[in-house]
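Fold and contact review
So you can see what is in the structure, the chains are spelled out below.
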Amino acid sequence: MVRLPLTPAEVERGQRLGALLRRARGERSMLDTALDAGVSPETLRKIESGRVATPAFPTIAAIADVLGLSLDAVWSEINQSDGGVELARSGRHAGERLAS
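Cut-off values and rules
Residues numbered from 1 in each chain as written. Predicted model: local features only at pLDDT ≥ 70, side-chain atom pairs only at ≥ 80, totals over all residues. Heavy atoms only, no water. Axes fitted to C-alpha atoms, helices over the stretch in contact; angles between N-to-C directions. Helix = DSSP H or I, 4+ residues; strand = E, 2+ residues; numbered from the N terminus. Parallel < 35°, antiparallel > 145°, perpendicular 65-115°, else oblique. Left-handed = near helix turned anticlockwise from the far one by under 90°. Contact = heavy atoms within 4.5 Å. Nonpolar A, V, L, I, M, F, W, Y, C, P; charged D, E, K, R; others polar. Salt bridge = Lys/Arg side-chain N within 4 Å of Asp/Glu carboxyl O. Buried < 20%, exposed > 50% of the residue type's maximum accessible area, 1.4 Å probe, protein only.

**With respect to the packing of helix α2 (residues 30–37) against helix α3 (residues 41–49)**
At a closest axis distance of 8 Å, the pairing of α2 and α3 adopts a crossing angle of 110°. Between α2 and α3, the interaxial angle falls into the category roughly perpendicular. By crossing handedness, the relation of α2 to α3 is classed as right-handed. Residues M30, L31, T33 and A34 of α2 form the contact with α3, whose own contacting residues are P41, L44, R45 and E48. When grouped by side-chain class, the residues that make up the contact of α2 with α3 number 5 nonpolar, 1 polar and 2 charged.

As structure tokens, then:
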């Protein structure tokens, strides 16, 4: 099966996803985050850097769970062109935002 090249919009969405995950991870180590999510550190690094712009849903679901992100918030964030969407993190009030 031949994989079609990603569109510019898909590449940009992958970059927004990576930025979101880096912000949500904060000071937590990439290694700990990846291992807790059941993915390789290399996979997490590629997603965070935007090199894997369309990761598998279970991978994103596992990482989001470890970081306390709702999948609705992840979807909203990566589909915004300005990145100004508020994120609903477990244990946070809906009005709080992740620090950039």
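**Section: the pattern of salt bridges**
For the structure on display, the rule yields 5 salt bridges. When the shortest N-O distance is used, the salt bridge between R25 and E48 registers 2.8 Å. Residue R25 is located in helix α1 (residues 8–25), and its partner E48 is located in helix α3; the two are separated by 23 residues in the primary sequence. You can call E48 buried: its relative accessible area is 3%. Across the pair D36 and R28 runs a salt bridge, and its minimum N-O distance is 2.3 Å. On the basis of relative accessibility, which here comes to 52%, the residue D36 falls in the exposed class.

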